[in-house]
Every structure is written in structure tokens, then in C-alpha cells.
Amino acid sequence: MGRAGVETAGYGGDTSCVEVRGDNGEVVVLDAGSGLARLNAESCPPRVDVLLTHLHMDHIQGLGFFQPLFREDVEVHLWGPVSSTMDLGERLTRYLSPPLFPVRLRDLPKLEFHDVRPGSFTVGTLTITADMVIHPGPTLGYRVESNGSSLAYLPDHEPALGSRQFPKPPEWTSGYDLCRDIDTLIHDFQYTPEEYVSRQGWGHSSMPHALAFADQVGARRFVTFHHDPDHDDTQLDEFHQVEGRSFELIPGRGGLTLEV
């Protein structure tokens, strides 16, 4: 997503951001796109964890407008992929500092950074597993589990890169282990097959590749995500007319609420 207007009002124009709430009130936010500004209600809990898949602008542009960052009564934890050159705070400071933004990260009251390597960690009752996936630059996918339910989030992912035929064997498929037997898969659904021909290597899935990936990992529900901003509501409705799949296909729209 990423283009607001009448022609995209049905699916929405915000960039990548998904809120996950745990049974004990934990709030985990997957990516910090423009939709992050919606989590500004007074009901915000005393701690919020924001998990960044990568640092492309459409995934971090909401940070500067995220009110909990400026509140002394809210503890914000930012998680993101480890780098061999700079830590997460140093990399994010390139955006949240003059001349791109008037406020510096170092001036925010309760902010903690976590450089994420492949593996698992916990946030309250939520178990989170991170792994590297195919996308330009260090990029993570996340799996969130709690009380026997699971959700995987891979918004920017090109599992078919370099493949003459897809799907490949599981051991050669980016994201397979992270998403295997997942209850709800939120996954890149950006290009038509015709568009993908000239966009290979850009880090996103064609729609057939995304559907094949969901089949391969045994997802029970597939929520389409990261729609191309050049696709309007009418086109996206047509793209979701898919039959004969083993999973429930759910069009990803701004404001969609699901129980996992």
C-alpha cells in the first residue's frame, strides 16, 4: 500500500503496520509505516514493542508521528535486523534527526533498541521468532505465537528469486521454516505475473508465487499484504478472485481486525 485516494479507499493507503495484542494486554506492532499514527489512543499500554522487518522508508515513516514515543509514561522498545556496520539506533537516527525530522531519537524519554538476530525471544506471553528472508538489505520475517495460535508476517518477500520453477524444495525456500503450519500468514502480494517479469530482484512476490508459498507452508489463512500502490480497489478485488486453494484467502485492507 502507500497511495491514499478515492480509488484506494477500500483497501487503504497506509504503508506497512500491523498491531498484535496478546491475551495479557501486550501490544506488539509489526513495522512502523504510516499506519503507526493510529496507535495514539489514550488506551495505549505502559509498554509497546515495535518490530521492524527492515529499514526501508515505507516501513519506518510513521515513527516520527507515533505519540507514545514522546510520552514519559510509555516505554517503547524498537526491534530491528542486526547490521554489521551500525546498531539499530544509529541507523534510525539517520531518519529521526535534522534535516529530515526536527526531533532526535536521543531526546525521546523511554526508548530502548534491540538488534535482532535469527532466533526467538519473548514479549510477555508472546513468543516471537525472527529469521532473515529474501529482500534487498537485511530483512526479517516474524512469527508470533501464543497459546497454540500462530501468525507469520513477511510483508516484503521474494521467495521465487532465482527460481526457474516455484515453489522450490522447502530447504531452499526463503521463509519456509518460519511459516510452516502457520495459522495466519500475512504476506507480500504485490505484482501480477506480467509485472513481475520486469521487477525480479526488487524483493517482492508475484501473486501466483505468494499463493504457492502459502500452499507450500500449509497456511490455514492467507492475508494478502503490501499491495502495489498502482493497483486500485477494483483491480485488487479482481486479483482476489482465486479458487481451489487449501487456505482461506483474506484481502488485506486497512483497519482489518482478525482473531488468531
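That block above? That's the structure.
Residues numbered from 1 in each chain as written. Predicted model: local features only at pLDDT ≥ 70, side-chain atom pairs only at ≥ 80, totals over all residues. Heavy atoms only, no water.

### What to know about the packing of aromatic side chains
In step 1: For the coordinates displayed, the defined rule picks out six aromatic pairs.
In step 2: Each ring, one from Tyr153 and one from Phe225, has its centre 5.6 Å from the other, and the planes form 70 degrees; the classification is edge-to-face. Here Tyr153 is found in strand β9 (residues 149-154), whereas its partner Phe225 is found in strand β11 (residues 221-225), with 72 residues between them in sequence. Phe225 matches Tyr153 in its accessibility class, with the two residues each being buried.
In step 3: Both rings, one in Phe189 and one in Phe222, keep their centres 5.9 Å apart while their planes meet at 80 degrees; by these two values the pair is edge-to-face. One end of the pair, Phe189, is in the loop between β10 (184-188) and α3 (193-197); the other, Phe222, is in strand β11, with 33 residues separating them in the sequence.
In step 4: Overall, the relative accessible area of 0% leaves Phe189 in the buried class.
In step 5: According to the relative accessible area criterion, Phe222 is buried, its value standing at 0%.
In step 6: Through pairs of rings, three or more aromatic residues link up here, namely Phe65, Tyr95 and Phe101. (Phe/Tyr/Trp six-rings, centres within 6.5 Å; stacked < 30°, edge-to-face > 60°. Helix = DSSP H or I, 4+ residues; strand = E, 2+ residues; numbered from the N terminus. Buried < 20%, exposed > 50% of the residue type's maximum accessible area, 1.4 Å probe, protein only.)

### A word on the nonpolar core
In step 1: Ranked by size, the top nonpolar core spans 24 residues in total, and within it Val48, Val50, Leu63, Phe66, Val76, Leu78 and Leu92 carry the most contacts.
In step 2: Ignoring anything within four residues of it in the chain, the contact list for Val50 reads Val29, Asp31, Ala32, Phe66, Val76, His77, Leu78 and Trp79.
In step 3: Formed by 23 residues, the second largest nonpolar core is a distinct cluster that contains Ala152, Phe189, Ala210 and Ala212. (Core = buried A, V, L, I, M, F, W, Y, C linked by side-chain atoms within 4.5 Å. Contact = heavy atoms within 4.5 Å.)

### Some words on the pairing of strand β4 (residues 75-81)
Strand residues, when the strand is regular, have side chains that alternate between the two faces of the sheet.
In step 1: When you tally the buried positions in β4, you get six out of seven residues, the bulk of the element.
In step 2: Two elements, strand β3 (residues 47-51) and β4, share five bridges in a ladder whose sense is parallel. Considered in β4, the bridge of Leu51 is made with Trp79.
In step 3: As defined by bridge partners, β4 adjoins strand β5 (residues 111-116) across six bridges and the pair is classed as parallel. Residue pairing across strands places Pro81 opposite Val116, the latter belonging to β5. (Pairing = 2+ DSSP bridges.)

### Quick notes on the sheet that holds β5
In step 1: Read from one edge to the other, the open sheet built from five strands follows the order β1-β2-β3-β4-β5, with strand pairing classed as mixed. With partners counted over all chains shown, the strands left at the sheet margins are β1 (18-21) and β5, one partner each. Going from strand to strand, the sheet's axes swing by 20 degrees on average, the running direction of each strand aside. (Axes fitted to C-alpha atoms, helices over the stretch in contact; angles between N-to-C directions.)

Keep in mind these numbers describe shape, not what the thing actually does.
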